[in-house]
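Analysis of the macromolecular model
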Protein chains: 4
Amino acid sequence: MKFLPKMGRKLRRLKTKVRKLDLVHESARKKALQESCETYKNHMDNEFEVPIKIPKLSRSTKEAFLSDGSFHQAVGRVLIVAEFFAMMPVKGVTGKHPSNLSFSWRSIRTCFSLLFIASSLANFGLSLFKVLNNPISFNSVKPIIFRGSVLLVLMVALNLARQWPQLMMYWHTVEKDLPQYKTQLAKWKMGHTISMVMLVGMMLSFAEHILSMVSAINYASFCNRTADPIQNYFLRTNDEIFFVASYSAPLAVWGKFQNVYSTFIWNYMDMFVMMVSIGLASKFQQLNDDLRNFKGMNMAPTYWSERRIQYRNICILCEKMDNAISLITMVSFSNNLYFICVQLLRSLNTMPSVAHAVYFYFSLIFLIGRTLAVSLYSASVHDESRLTLRYLRCVPKESWCPEVKRFSEEVISDVVALSGMKFFHLTRNLVLSVAGTIVTYELVLIQFHEDNDLWDCNQSYYS
Amino acid sequence: MKFLPKMGRKLRRLKTKVRKLDLVHESARKKALQESCETYKNHMDNEFEVPIKIPKLSRSTKEAFLSDGSFHQAVGRVLIVAEFFAMMPVKGVTGKHPSNLSFSWRSIRTCFSLLFIASSLANFGLSLFKVLNNPISFNSVKPIIFRGSVLLVLMVALNLARQWPQLMMYWHTVEKDLPQYKTQLAKWKMGHTISMVMLVGMMLSFAEHILSMVSAINYASFCNRTADPIQNYFLRTNDEIFFVASYSAPLAVWGKFQNVYSTFIWNYMDMFVMMVSIGLASKFQQLNDDLRNFKGMNMAPTYWSERRIQYRNICILCEKMDNAISLITMVSFSNNLYFICVQLLRSLNTMPSVAHAVYFYFSLIFLIGRTLAVSLYSASVHDESRLTLRYLRCVPKESWCPEVKRFSEEVISDVVALSGMKFFHLTRNLVLSVAGTIVTYELVLIQFHEDNDLWDCNQSYYS
Amino acid sequence: MKFLPKMGRKLRRLKTKVRKLDLVHESARKKALQESCETYKNHMDNEFEVPIKIPKLSRSTKEAFLSDGSFHQAVGRVLIVAEFFAMMPVKGVTGKHPSNLSFSWRSIRTCFSLLFIASSLANFGLSLFKVLNNPISFNSVKPIIFRGSVLLVLMVALNLARQWPQLMMYWHTVEKDLPQYKTQLAKWKMGHTISMVMLVGMMLSFAEHILSMVSAINYASFCNRTADPIQNYFLRTNDEIFFVASYSAPLAVWGKFQNVYSTFIWNYMDMFVMMVSIGLASKFQQLNDDLRNFKGMNMAPTYWSERRIQYRNICILCEKMDNAISLITMVSFSNNLYFICVQLLRSLNTMPSVAHAVYFYFSLIFLIGRTLAVSLYSASVHDESRLTLRYLRCVPKESWCPEVKRFSEEVISDVVALSGMKFFHLTRNLVLSVAGTIVTYELVLIQFHEDNDLWDCNQSYYS
Amino acid sequence: MKFLPKMGRKLRRLKTKVRKLDLVHESARKKALQESCETYKNHMDNEFEVPIKIPKLSRSTKEAFLSDGSFHQAVGRVLIVAEFFAMMPVKGVTGKHPSNLSFSWRSIRTCFSLLFIASSLANFGLSLFKVLNNPISFNSVKPIIFRGSVLLVLMVALNLARQWPQLMMYWHTVEKDLPQYKTQLAKWKMGHTISMVMLVGMMLSFAEHILSMVSAINYASFCNRTADPIQNYFLRTNDEIFFVASYSAPLAVWGKFQNVYSTFIWNYMDMFVMMVSIGLASKFQQLNDDLRNFKGMNMAPTYWSERRIQYRNICILCEKMDNAISLITMVSFSNNLYFICVQLLRSLNTMPSVAHAVYFYFSLIFLIGRTLAVSLYSASVHDESRLTLRYLRCVPKESWCPEVKRFSEEVISDVVALSGMKFFHLTRNLVLSVAGTIVTYELVLIQFHEDNDLWDCNQSYYS
């Protein structure tokens, strides 16, 4: 008879066990895996803890190293420069936390920006007037396209400034949730890349501007309309102003100011797209770095679930940023495409002087290089987002679970990339087709080329 | 011994429970989720109930607000206008319910439509005769293409009218089954957009026609063949008629009537494609709105199953509509492409007068704008259908079930879009490649341009 | 105590039931479904049984109706025609069963075919010699391309003839396994379509040849080199022969024979691609018809498994046929593309006579129509293969099983279509891009056209 | 009472069985399958064991047959040839095992390679100088592009040489793990194909060089600047040297040496891409052969899991190789495209002599043939990687398990192919679009062709 209670108890246990039937397997595995992960993590941490005990660091280097690796901090100094050039009038860009960011219509920055927009509008109107009073050709509309794009970008940047605080807050939320950087070096990397891109870009742009001035002075003296060389120079570089007004020093200064600022903004829009691309790509990289650390290991489903949600968050961030800047991207790309075509068309003609040749080839190479840089940096967002798949492919058979499956299917089917108003996605493929288009166009041009007199004195000179 | 019956009962319970093993989990979760959903729904309803308690509404506004948000009601007034212009002779388009729709070969509308088709056929024959008696070029076939497309669209519209009642009934079935609109505003939106598009389109088309008349009168007086300015005008705008017949007032009136109607129909085909696109996109939007309300929440599998079937139904509706109108879409797109190319080719020539220049640029910008509008509105069907994926991506891990998986896979792999006879799908990508084609063509043209005398007096003038 | 045995029995039953736990659900459902299917099937059969009880049928019609719907029977008569024109020398093409098919190098058909290949080779050599002795242009290589393609197709057809018996046997195996046709009408359809396509194609081709003769006679008398009009005609249409040899009646007859046969074969290769496409598409259709009959119903997994394997078999059949005929497809497509471009280029010139104009436009329209027909018929294979997805989308939630999932994933990811040597797949998309290419090419041509004297008397005339 | 213990035992068994519930099915099936596989394998082995018992084999054939089928052994002799031409200075390329491979900056091979790079750099500088001192055109930059690519490839090859030992070790690891070859013939195949491709390529390249010399001698005597025919020849073929220096024998010898080596390297880069492609494709083939052997059979999940990991490994190998050689691929493709365009452009001109015509057409056909060969061989990597899917489609319903599903999803979604710096993937599709581009370009050229005097005596001649 004593078998019965035993049996009863066994039955009760059986009952429970049947219920837990499909939970047992998983939890047991989970525990084992998490233990192994813990060990691995500790190992990794130890491994990395040593090298950062570098004894002496200069104060500035230390500061750089102690950056928290956030995008907000990385772009702070870059945005300050932009604000100096009347773009993106946001307050608090150098603050420690994105919550300090704010936009106000009444701030001095916004007023300066609005003032410059008005000034650019006037300049654009003058250019338009001059162009419409001359026969229109692919080459002659260059000043309108140049000034028009600058104006458009200025207005988009003003609008972007209003959204910037929220965008940075969202970015902050995504960043906080991502797997932490293992080393100070990794934290420092994104900010450093952005600064370097900005520095190199600005320096080359400055060099080009100097060369353009030299070449313009040279040109002005060659065409010399008046005795005063300075007047000659301004008459040439601001022909749209002096087409309607007679020469006066204040107007010349205004024109010069307008030219310098426009050139900066024209360069800055490419830098800005690169900057955002570097930021987004580095966030994907941060996730991928974590996945690489655990590549081929048996991870618990919760690990994958977390990563999937982080991946999703970066995708959403990507979309938000794309919505905010896609007009700038569009303008930047079509501008570069147009200017390359125009410059290549000009390259077929003989140069009037050595100064021109040097300026021309420097500016052409700078233009192509910059276009390539924007294309490749922005394509890197897409490339990094696809890279995640590589680590998912190596998940061992045992820890292949619905979460990994869902993650990998999402990575496969989503196209995560910056876009030109959703009309085209910025991928490496696009670079090829753009290059192909340019080459084809050039081949046709070369084949049927007759030397047009594009360098005559009546032509609008400056950009 | 009393343990045994107890055990027996336990066993019986166990037996039942083992059977229910895989149902328990789900039902428990379902209940919990539905409760939370109920709460959420109530919350949402309350939130939205307040704003619609707007105190005083004018009668007409009230009526508009009380629309049931169906496509049938939204397009009613638009189709009435079409019937006035001899298209789509369906009875009951302004009725409350699609079951009132009917088509009959003997109705007065159908007769009018058939009569106008016959009249257009005669006009087309005359145009063809004139064109074949002159050297053929890309530019000179314009009248045939214009009148030919109008004729084709008229016939397709007649055929569409026969299917319209069934189509609207199917549409009604799909709509009834969709998640209900939360607010009167949402119901009112689609109808409002369609009306606005129609209104703006028709007004611009009317403005263009007036300008065309002004420019033609100007042109006729410049070329003046006869003393009578009115006769001159008709001789120019209906040159295909007076190429075979001598001038007579009734013929001139017929020609004018033909021109006005043709112009309307030529514009209307674009409007029609936009209208259907807005309708389809808004149905996807209705579904997406519901999904957004429950984004990130734990929903029962039946919720997803319902949504999937609703999504499927809209897809089928999309395909049915595409089959019915894809010939119109094809004609509309190729027409726009051809006319943009011809107009851009003409734009290289110097204009004979200011009236011409104004008309020409207005009509060119209207044409490009309209083409862009058709492209973007029809691409929005595809965009909205893809948007669903965004909400499926946010389904939490716990409620990820086979139904959600199936739903998301269907959204990924299906290409839901209007098409041009299945040869191309109307997506944002298409817009880019069409724009690219036009730009390339123009670049080649500009490069090798010699001023053709496209504005001479012997040229066929009116479109 | 009597509870115990009862309990024991219950336990035993429980034990069995636990084992069957995951089979119960399915089998129960299966039974229910199959019953409903049976009812449905009977209903369908009854529905279709009535209409075929048509009282009186003429003997030939009856025979046609009693065809077993196999591809072998459908193409029998078409292949007999080909054999008459020295192509595809297979024995037993009109036999009831594909097992009667055989190929032998010693059969009279093969000898005839080889003889004609030798004769064509000689003719090709003569053409090549003539072309190389004149300046080469896009237009002047026409005879080489024409005769070269015919020669290539002849050789491919000979090789295909050797594989034909095995191919037809495989086709037979696939067909036997497919769901049976419900009606005699469905069986009869594929054969009828193939015959109609062949008949219309051959008649138009014959009409074109007659017109070409009329135009050539007209042309010969205009250029008349000698007094004899017949001699003139042959001198013109076989200029490649009389470029090296002086005129003689046997040579003229040989040339004429060569021309007639070449023209037939040139047309036949398009017909052949269409024929195979219709066959393959109709097999997919047969499967889709069965799926449509059970659309939205709860079917057992075995049903889906069977359909999947049948689908797979047709895909494999498709690939086998594609491997066998893809060279013919390639030649047919590139030929059509080249000839359309050449003819369009010629169309810009003024015609020397009305006979020429009639022949020219008839032949151009026939060429474009035939190209379009080949494109669309071969694209239909791909279209039909994708259609299967539509029925899989409607599988109800309850019968969604791994087999349906696997089936639908295979349909989504496979590209089933005929191809041009795997370089391009024949889909509707291809038609668009080919049309786009032709239009672009024509636009460039038209823009820069100068009237070339393509119709001079020294030009090689006959295609 | 004796029922109770029995029941207890039954319960215990039941308990165990419930736990094993979902393992039973699988393990039973596994056993049965593995048995059938074992039988099949034995059968296969027996089948293949007989044919390799070929009685007498010559020693060299035997050696070839006894190769272990590794890529390292297959490319050994090919790399020795490259080293002779100053490329890829790796030690131990003919060793039995890749572990013997080593690279050292101080080895004689590396020094020779560096020396030749310096020499090429000088030559490139001279070419650049000459070209910049003449008007630039599509045709005139040929020498720079030729010498520039050779220089670039030399440097990439040097860098590749450093990575070669690790790459070959990785390759070895992957190969060891793959399913073994069944026959000696299969082992021997890859090595044989690579040797044949190399042999044929080198012989044709040599023949072309001889022809080029004959034609250049012919040309030099025609233009003769000096009395000495040898001097004339060198003055023409090394005009970039004698543009800055006066004629001297050592310089002529250096120029000749430079030409011979450059030509070899220019050809070798295509051979190299083909070689790697053949190697990668044959690894996929090895896997596919194994899958074909078990096609349609019931295999255990472990079988699929193993195959999937092997497939993954080859994919990773593919990516590693692609990263290492993609710059070479890029240079090879753009070079071929450029040279085909230039040669086709030249083909429109009349040839100065028969020797020129023979050389020109031979070199053109060789160029097109080589380009086609590179394209098709490199596309075969992609084709073979997709072929795996065919066998996965035939997995029977019973053995369809998550591993097969994962495997097939990975094959579907991955694009495994060599690439040109990730800008384009080498697939059959690319071949078509490249061919299309060339044809379009040629059509435009032909249409607007005016005979340019590309064969004048002042033109840079060699390559």
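Residues numbered from 1 in each chain as written. Chains lettered and ligands numbered in written order. Predicted model: local features only at pLDDT ≥ 70, side-chain atom pairs only at ≥ 80, totals over all residues. Heavy atoms only, no water.

Going by an unreviewed UniProt entry, chain A carries the name Gustatory receptor and comes from Drosophila gunungcola. Looking at chain A in UniProt, the text filed under Subcellular location (unreviewed entry) is "Cell membrane". What the UniProt record of chain A gives under Function (unreviewed entry) is the line "Plays a role in the sugar gustatory response." (UniProt positions renumbered as here; feature names shortened; annotations may be inferred.)

Turning our eyes to something else, we now look at the packing of helix α10 (residues 301–347) of chain A against helix α11 (residues 354–393) of chain A. Residue and element names in this part refer to chain A. The interhelical angle for the contact between α10 and α11, taken along N-to-C directions, is 160°, at an axis separation of 10 Å. Looking at the two axes, α10 sits roughly antiparallel to α11. Remark: the crossing between α10 and α11 carries left-handed chirality. Here the contact of α10 with α11 is built from residues that sort into 15 nonpolar, 10 polar and two charged. (Axes fitted to C-alpha atoms, helices over the stretch in contact; angles between N-to-C directions. Helix = DSSP H or I, 4+ residues; strand = E, 2+ residues; numbered from the N terminus. Parallel < 35°, antiparallel > 145°, perpendicular 65-115°, else oblique. Left-handed = near helix turned anticlockwise from the far one by under 90°. Nonpolar A, V, L, I, M, F, W, Y, C, P; charged D, E, K, R; others polar.)

Residue and element names in this part refer to chain A. When the UniProt feature table is mapped onto this chain, "transmembrane region" (unreviewed entry) is found at residues 111–132, 144–161, 197–220, 264–282, 324–345 and 357–377. Along residues 144–161, the helical share is 100% and the strand share 0%, with 25 Å between the first and last C-alpha atoms. Span residues 197–220 is 100% helix and 0% strand, its end C-alpha atoms 34 Å apart.

A separate point is the confidence of the model for chain A. All names here are of chain A. Looking at chain A, pLDDT values average 83 and 81% of them are 70 or higher. Taken together, the stretch residues 39–57 has pLDDT below 50 and engages in 10 contacts with residues farther than four places along the chain or on a different chain. Taken as a whole, residues 451–455 scores under 50 in pLDDT and shows 17 contacts with residues more than four places along the chain or in a different chain. We note a pTM of 0.84 for the whole complex and an ipTM of 0.80 for its interfaces. (pLDDT = per-residue confidence, 0-100. Contact = heavy atoms within 4.5 Å.)

For helix α4 (residues 108–132) of chain C, built from 25 residues, the straight-helix expectation of 36 Å at 1.5 Å per residue is met to within 8% by its first-to-last C-alpha distance of 36 Å. Buried residues along α4 of chain C sit in contact with α5 (142–177), α8 (239–242) and α9 (249–293) of chain C. (Expected span 1.5 Å × (residues − 1).)

Attention now goes to the packing of aromatic side chains. The final tally for this structure, using the stated rule, is 100 aromatic pairs over all chains. Grouped by ring-pair contacts, the aromatic residues F84, F85, F112, F116, W164, F257, Y261, F264, Y268 and F272 of chain A constitute a single cluster. The side chain of R370 of chain C reaches across the aromatic face of F366 of chain C, ending 5.4 Å from its centre. Looking at R370 of chain D, its charged tip hangs above the ring of W266 of chain D, at a distance of 4.5 Å from the centre. (Phe/Tyr/Trp six-rings, centres within 6.5 Å; stacked < 30°, edge-to-face > 60°. Lys NZ or Arg CZ within 6 Å of the ring centre and 35° of its normal.)

Before going further, it helps to examine the pattern of salt bridges. Residues and elements named next belong to chain B. Under the criterion given, the structure shown has 76 salt bridges over all chains. With a shortest N-O distance of 2.9 Å, R292 and D289 are connected by a salt bridge. With R292 and D289 both in helix α9 (residues 249–293), this residue pair falls three residues apart, about one helical turn. The exposure class assigned to R292 is partly exposed, which follows from its relative accessible area of 43%. (Salt bridge = Lys/Arg side-chain N within 4 Å of Asp/Glu carboxyl O. Buried < 20%, exposed > 50% of the residue type's maximum accessible area, 1.4 Å probe, protein only.)

Among all residues save glycine, negative phi is the norm, and among peptide bonds the norm is trans. Residue M88 of chain A is not a glycine yet carries a positive backbone phi of 50°. With respect to the secondary-structure elements, M88 of chain A resides in the loop between α3 (71–84) and α4 (108–132).

Residue and element names in this part refer to chain A. Within the secondary structure, I340 sits in helix α10. Relative accessible area serves as the criterion here: at 5%, I340 is assigned to the buried category. With 27 residues separating them along the chain, I340 and L367 place their C-alpha atoms 7.0 Å apart. Beyond its immediate sequence surroundings of up to four residues, I340 is in contact with L367, I368, T371 and I438.

What follows concerns the packing of helix α5 (residues 142–177) of chain B against helix α10 (residues 301–347) of chain B. All names here are of chain B. Put simply, α5 and α10 touch, their axes get as near as 10 Å, and they point 160° apart. Here α5 is positioned roughly antiparallel relative to α10, judged by the angle of their axes. Remark: the crossing between α5 and α10 carries left-handed chirality. Taken together, the residues of the contact of α5 with α10 break down into 23 nonpolar, six polar and four charged.

Mapped onto the fold, T329 of chain D is located in helix α10 (residues 301–347). Given a relative accessible area of 0%, T329 of chain D falls into the buried group.

This paragraph deals with the state of the cysteines. Each disulfide is one covalent bond, formed between the sulfur atoms of two cysteines. Counting across every chain of the model gives zero disulfides over all chains. Looking at the unpaired C341 of chain C, the closest cysteine sulfur is the one in C341 of chain B, lying at 18 Å. (Disulfide = S-S within 2.5 Å.)

Our focus in this paragraph is the environment of S212 of chain A. All names here are of chain A. Looking at where S212 falls in the secondary structure, it is placed in helix α6 (residues 184–223). Judged by its relative accessible area of 3%, S212 is buried. Spatially, the C-alpha atom of S212 lies 8.6 Å from that of S363, the residues being 151 residues apart in sequence.

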